[in-house]
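# Close look at the chain arrangement
Residue strings, one per chain:
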Amino acid sequence: MPIEIIAGEPFNIRFDGPADAPVLMLSNSLGTDLGMWEPQIADWSKHFRVLRYDSRGHGLSVATDRTFGIDQLGRDALAILDHFGIETAHWCGVSKGGMVGQWLATHARDRVGRLVFANTAAHMGPPELWDGRIKTVRSQGMEAIVPGTLERWFSPAFRQTDAATVAKVSQMLTTTPAIGYATCCAAIRDMDQREAIRGIANPVLVIIGKVDPATPPAAGHLIAEAIPGSRTVELDAAHLSNLEQPEAFTRAVLAFLTA
């Protein structure tokens with residue numbers, strides 16, 4: 001996978017699909033990397049030039065121990081678009097990726113087309129929860145949070161029936177740099193976009209996991225209710241709905257983006 005130097009920092013970036021197709025940019029969740037999108041690539045790349053990347057602090061992209069906010073993650077996305085001369089792109093993000101998408105739609109709406117916010121929230125408290133996770137990974141490493149995270153991310157039935165997918169995500173978590181995870185936790189802890197998203201004018205699809213304990217259905221409905229004209233889709237899944245219900249997720253996003 002190619003490493004590109006974006007504004008002086010390395011980012012792991014991959015393209016799939018025709019070079020002349022509309023661009024669809026994908027943004028991973030906290031604790032994963034661009035490999036989380038594998039179930040969607042074959043179908044989406046028939047219609048789009050799919051651009052996926054490891055978010056700051058994740059995978060093979062830059063991970064430094066410095067404080068930043070959701071705005072930095074949004075500016076990273078814009079810098080990647082600028083680097084490749086891409087004026088506009090559709091957006092699909094899960095969890096943290098959906099939070100970044102909300103920032104883009106409120107601060108750079110002319111750079112994004114249709115946006116999918118999946119299994120995400122506009123605000124996630126309490127701060128003590130995030131402070132606890134930061135302390136844990138800094139002192140004990142990523143392995144300490146893997147079991148509990150997988151329980152939140154996948155329903156009990158899925159963990160029993162698709163051990164291979166759960167194992168892949170476990171590996172992503174384990175290999176995420178602890179400082180990258182910690183600094184992104186702080187960005188999420190300090191984020192509050194509940195009022196800002198009321199000004200979003202782009203077409204938006206909100207995907208909700210019916211049994212998602214990390215970003216519960218109420219968090220998704222709050223986003224949808226704040227954005228005029230937005231649509232919602234509920235899937236029988238926990239937090240990583242694109243992996244737990246890959247076919248339904250792929251179809252819902254494709255139908256929205258090509259409407």
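Please refer to the structure higher up on the page.
Before going into details, it helps to say that this report is about the structure given with it. (Residues numbered from 1 in each chain as written. Predicted model: local features only at pLDDT ≥ 70, side-chain atom pairs only at ≥ 80, totals over all residues. Heavy atoms only, no water.)

Attention shifts here to the pairing of strand β1 (residues 3–6). As judged from the four bridges shared by β1 and strand β2 (residues 9–16), these two strands associate in the antiparallel manner. Within β2, the position partnered with I3 by the bridge is N12. (Pairing = 2+ DSSP bridges. Helix = DSSP H or I, 4+ residues; strand = E, 2+ residues; numbered from the N terminus.)

Take the sheet that holds β1 next. Taken in spatial order, the eight strands line up as β1-β2-β4-β3-β5-β6-β7-β8 in an open sheet, and their pairing is mixed. Both outer strands of the open sheet, β1 and β8 (231–235), are each paired with one neighbouring strand and no more. With strand direction ignored, the average angle separating the axes of adjacent strands in the sheet is 25°. Helix-sheet contacts for helix α3 (residues 96–107) involve β3 (23–27), β5 (89–94) and β6 (112–118), and the interaxial angle to β5 is about 145°. (Axes fitted to C-alpha atoms, helices over the stretch in contact; angles between N-to-C directions. Contact = heavy atoms within 4.5 Å.)

A separate point is the nonpolar core. Among the nonpolar cores identified, the biggest contains 86 residues, and M25, W37, W44, L51, C92, F154 and F249 are the most heavily contacted of them. Counting residues per element, this core draws most heavily on helix α8 (residues 178–189), at seven residues. Sequence-distant contacts of C92, that is, excluding residues within four places in its chain, are made with L24, M25, L26, S27, W37, W44, V116, F249 and V253. (Core = buried A, V, L, I, M, F, W, Y, C linked by side-chain atoms within 4.5 Å. Buried < 20%, exposed > 50% of the residue type's maximum accessible area, 1.4 Å probe, protein only.)

Here we come to the environment of A182. As for its placement among the helices and strands, A182 is situated in helix α8. Judged by relative accessible area, A182 falls into the buried class, the value being 1%. With 94 residues separating them along the chain, A182 and T88 place their C-alpha atoms 30 Å apart. When sequence neighbours within four positions are dropped, the list of residues in contact with A182 reads I134, V137 and R138.

Another point: helix α2 (residues 70–83). For α2, which comprises 14 residues, the first-to-last C-alpha distance of 20 Å matches the rise-based estimate of 20 Å (1.5 Å per residue) to within 8%. After α2 finishes, the residue G85 shows a positive phi value of roughly 70°. (Expected span 1.5 Å × (residues − 1).)

Taken as a whole and judged by the stated rule, the model has five aromatic pairs. For the pair W37 and F249, a centre-to-centre distance of 6.5 Å together with 50° between the ring planes defines the contact as tilted. You can see W37 sitting in the loop between β3 and α1 (38–44) and its partner F249 sitting in helix α11 (residues 246–257), a full 212 residues away along the chain. The exposure class assigned to F249 is buried, which follows from its relative accessible area of 0%. Between F154 and F158, the ring centres sit 5.1 Å apart and the planes meet at 25°, which makes this aromatic pair stacked. Across the pair, exposure class does not vary: F154 and F158 are buried alike. Among the aromatic side chains, those forming a connected cluster through ring pairs are W37, W44 and F249. Sitting over the face of the ring of F15, R49 holds its NZ or CZ atom 4.0 Å from the ring centroid. In this arrangement the basic side chain of R133 is found over the ring face of W130, its NZ or CZ atom lying 4.7 Å from the centre. (Phe/Tyr/Trp six-rings, centres within 6.5 Å; stacked < 30°, edge-to-face > 60°. Lys NZ or Arg CZ within 6 Å of the ring centre and 35° of its normal.)

Attention now moves to the packing of helix α4 (residues 127–140) against α8. Each packed pair of helices is defined by two parameters, the angle between the axes and the distance between the axes. Put simply, α4 and α8 touch, their axes get as near as 9 Å, and they point 170° apart. With respect to α8, the axis of α4 lies roughly antiparallel. Where α4 abuts α8, its residues P127, W130, D131, R133, I134, V137 and R138 lie against A178, I179, Y181, A182, T183, C185, A186, I188 and R189. Counted by class, the contact of α4 with α8 contains eleven nonpolar, one polar and four charged residues. (Parallel < 35°, antiparallel > 145°, perpendicular 65-115°, else oblique. Nonpolar A, V, L, I, M, F, W, Y, C, P; charged D, E, K, R; others polar.)

Counted according to the given criterion, the structure contains 14 salt bridges. Here D16 makes a salt bridge to R52, at a shortest N to O gap of 3.2 Å. Here D16 is found in strand β2, whereas its partner R52 is found in strand β4 (residues 49–53), with 36 residues between them in sequence. Under the relative-accessibility criterion, R52 is labelled buried at 0%. The salt bridge involving D192 is made with R194; its shortest N-O contact spans 2.7 Å. Using a relative accessible area of 44% as the deciding quantity, one classes D192 as partly exposed. Through salt bridges with shared partners, a single ionic network connects R14, D16, E38 and R52. (Salt bridge = Lys/Arg side-chain N within 4 Å of Asp/Glu carboxyl O.)

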